[in-house]
Structures are given as C-alpha cells and as structure tokens.
Amino acid sequence: VQSLIDQIANDVANLVGSGKVADYIPALSCIDPQQFGMAVQTTSGDSFATGQADTRFSIQSISKVLSLTLALQARSDRHRVGKEPSGDPFNSLTQLEYERGIPRNPLINAGAIITADCLVSDHTEAKQALLDLVRQLAGNSIHFDEEVAASERETGARNAALAYLMKSFGNLENEVDQVLDTYFHQCSLAMSCRELANCFCYLANAGKHQDKAIVDIARARRINSLMLTCGTYDRAGEFAFEVGLPAKSGVGGGIVAVVPGELALAVWSPGLGPSGNSVAGTEALKLFAKNSGLSIF
Ligand code: GLN
C-alpha cells in the first residue's frame, strides 16, 4: 500500500495546483493550491500516508457524513430528507422549491441543514456533541476553525436561503440562525488526511470503531450507499464510473473514500473542478481504485 500511494502522489503531481480553490468562502480563498496529501487506514489497524497527510484543512462537506452518523444514532426521519442523487450543484435552490422543501439527500447542503436541525433538536449542545463524536473517532485535538465558520456565516446567503425555504415548507424545527451556526461549524472542522482516514474507518468496518458500534451495520451500509450515489454531487455518476467507491468530497479539497470491509482513505489537494471536487484528489482515487483492484465493481 505504501508504494502504491507513493506512486500515486508522483503520478498526480502534474495535476496538483490545477482547478480552482473555493473562493466563495473568503477564509478558504488564500489556501496554497500546491499541496497534496493521502492517507489510508485499514480495518486491521495498519496505516499508510504520503505527501502532506498531516496538514489540517477545512473538511467542509465531508462533515455531512459525520453529522448524519450522529443524527442516525438518535432517529430516522425518512420523510424529511430523501435518498436520491440530485443531479444539481450542492447548493442549488431550484429542486428544493419543486419538491416542497424536502431535500433530495442528506449530502447536499439543504439535506445537511436538515441533519443539523435534527442535531439541534436532539442535543442540548449540538456542536459539542458532533465534536465529541469526531474526537472519539479521530483524536482529542480536533477542533472547529472559528475563522472559517465566521467567514461562512458572513457569506452564507445561499445556505440561509435554503434554510428559510425549508422553514417556509415546515421542514425545519428550529430557528434558522441556530441551525446554520451548527452547519457552519461542522463544515469548519479542521482535520488532516491521516485523521480523516482514521475517522471514516468505521464505515469500512460495519459501523464499528475499535469494537464499539458507532452505527449498526445496516446504517453503515446505507451511509456508504448514499456516499456512492450522492457524495460527489452532480459528478456522482462519473465518479462511480471512474472510481467505484463510496466517497464524500468537500470544497476544502478533501475527499474521503471507503472500501467496505477493507479500509478508509483520504486525499487532499485544494484545487477544485466545476462540481466542487478536488481535481488531483479525484485522480488519486481513480488511480488507487484501478491499481489496487479495490473498486467495489
Ligand atoms: N460549507 C460549504 C457550503 O455550505 C460546504 C460545501 C461543500 O463542501 N461542497 O457551501
């Protein structure tokens, strides 16, 4: 595995820096795009890393899987969010109006805002509850990046529009500001590839982290299938075609992927393609799936 990922780092070097850093969140616009890291964590306890695998970055939408995991520990509100790919950009409003405030799936922004609403309802301290889960999975030093969270709040008009639209359809239980504060903080979590690979290993391990159930096996399977069909937004079809693994991307340039039963891996490079997925990261996952033979297909 080590030589495989070292070779991948070498092979994608010419793509590192291509694409566009997310600049609609000002705090992310100044990240140096010339960075690449990759880490693998196996269910049997081995770990491998290459490049800048210990540099923390903003995990952004990757957090939607973690908040969903926490929400599913307490409830299963199937009528409030769907499970179909949206085919639209992650922050699109159009479909949400046609579909009467029910987001297509929990991995687009609207769906993750519903999940954040569930966390606010279910926990006295929703942000802390999420941080506790992430720390349990990946280490006690993980924190929210308050500067990124504030930057998102300042430029979060579109997310606020999604939240108010859902509120108008009666699909939000709590106040918009409180829900968005939770959502912006979860997106601001700062983690490295190594921490993310560790964190997501429960999804490769039937829902278990060090023999402790984080979610039951049926839910782990469902989260993985949502990642496969919806985790990379309006590129999910092509991503499944090219990579063939459940994965979740974020506009910080990270992508996490799961090989059920085997391992979790994380890649990071800040330059994004048009759908908001890391360009070099996507190529690295494609090479990993191809050269390891571990695509699920
Ligand atoms: N925080 C970002 C947003 O709300 C998350 C988007 C993403 O990573 N795709 O726009």
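These numbers were taken from a predicted model, which means no experiment stands behind them.

Now for the sheet that holds strand β10 (residues 263-268). Pairing is antiparallel across the open sheet formed by five strands, whose spatial order is β2-β1-β10-β9-β8. If you trace the sheet from one side to the other, it starts and ends with β2 (47-51) and β8 (247-249), each paired once. With direction set aside, neighbouring strand axes in the sheet form an average angle of 10 degrees. Taken together, the five bridges between strand β1 (residues 37-42) and β2 define a ladder with antiparallel strand orientation. Its bridge partner lying in β2, Gln41 is registered against Ser47. Most of the contacts of helix α13 (residues 279-292) go to β10, to which it runs at about 145 degrees, and overall it touches β1, β9 (254-259) and β10.

With six of six residues buried, β9 lies mostly within the body of the structure. The side-chain alternation of β9 yields two buried faces, one formed by Gly254, Val256 and Val258 and the other by Ile255, Ala257 and Val259. Sheet topology note: the β8/β9 ladder contains three bridges and is antiparallel. Across the sheet, Ala247 pairs through a bridge with Ala257, a residue of β9. Count of turn residues in the β8/β9 antiparallel hairpin: four residues, of which Gly253 carries a positive phi of about 100 degrees. With six bridges connecting them, β9 and β10 associate as antiparallel partners. By the bridge assignment for β10, Ile255 is matched with Val267. Hairpin connection of β9 to β10: three residues between the antiparallel strands, including Gly261 at a positive phi of 85 degrees.

Turning our attention to the nonpolar core. Formed by 49 residues in total, the largest nonpolar core has its most connected members in Leu66, Leu196, Phe200 and Leu203. Considering every element that reaches this core, the biggest residue donor is helix α5 (residues 126-138), with eight residues. By size, the runner-up hydrophobic cluster in this structure holds 25 residues, among which are Ile5, Met38, Val259 and Ala280.

Side chains that carry opposite charge are capable of pairing whenever their charged atoms lie near each other. Applying the stated rule across the entire model yields 14 salt bridges. The partner of Lys20 in a salt bridge is Asp23, with the nearest N and O atoms 3.2 Å apart. Arg80 serves as the salt-bridge partner of Glu173, at 3.2 Å between the closest nitrogen and oxygen. On the criterion of sequence distance, the pair formed by Glu173 in the loop between α7 (157-168) and α8 (176-187) and Arg80 in the loop between α2 (63-74) and α3 (94-98) is long-range, its members being 93 residues apart. A relative accessible area of 5% means that Arg80 is categorised as buried. Through salt bridges with shared partners, one network takes in Arg75, Arg80, Asp117, Asp122 and Glu173.

What counts as what
Residues numbered from 1 in each chain as written. Predicted model: local features only at pLDDT ≥ 70, side-chain atom pairs only at ≥ 80, totals over all residues. Heavy atoms only, no water. Pairing = 2+ DSSP bridges. Helix = DSSP H or I, 4+ residues; strand = E, 2+ residues; numbered from the N terminus. Axes fitted to C-alpha atoms, helices over the stretch in contact; angles between N-to-C directions. Contact = heavy atoms within 4.5 Å. Buried < 20%, exposed > 50% of the residue type's maximum accessible area, 1.4 Å probe, protein only. Core = buried A, V, L, I, M, F, W, Y, C linked by side-chain atoms within 4.5 Å. Salt bridge = Lys/Arg side-chain N within 4 Å of Asp/Glu carboxyl O.

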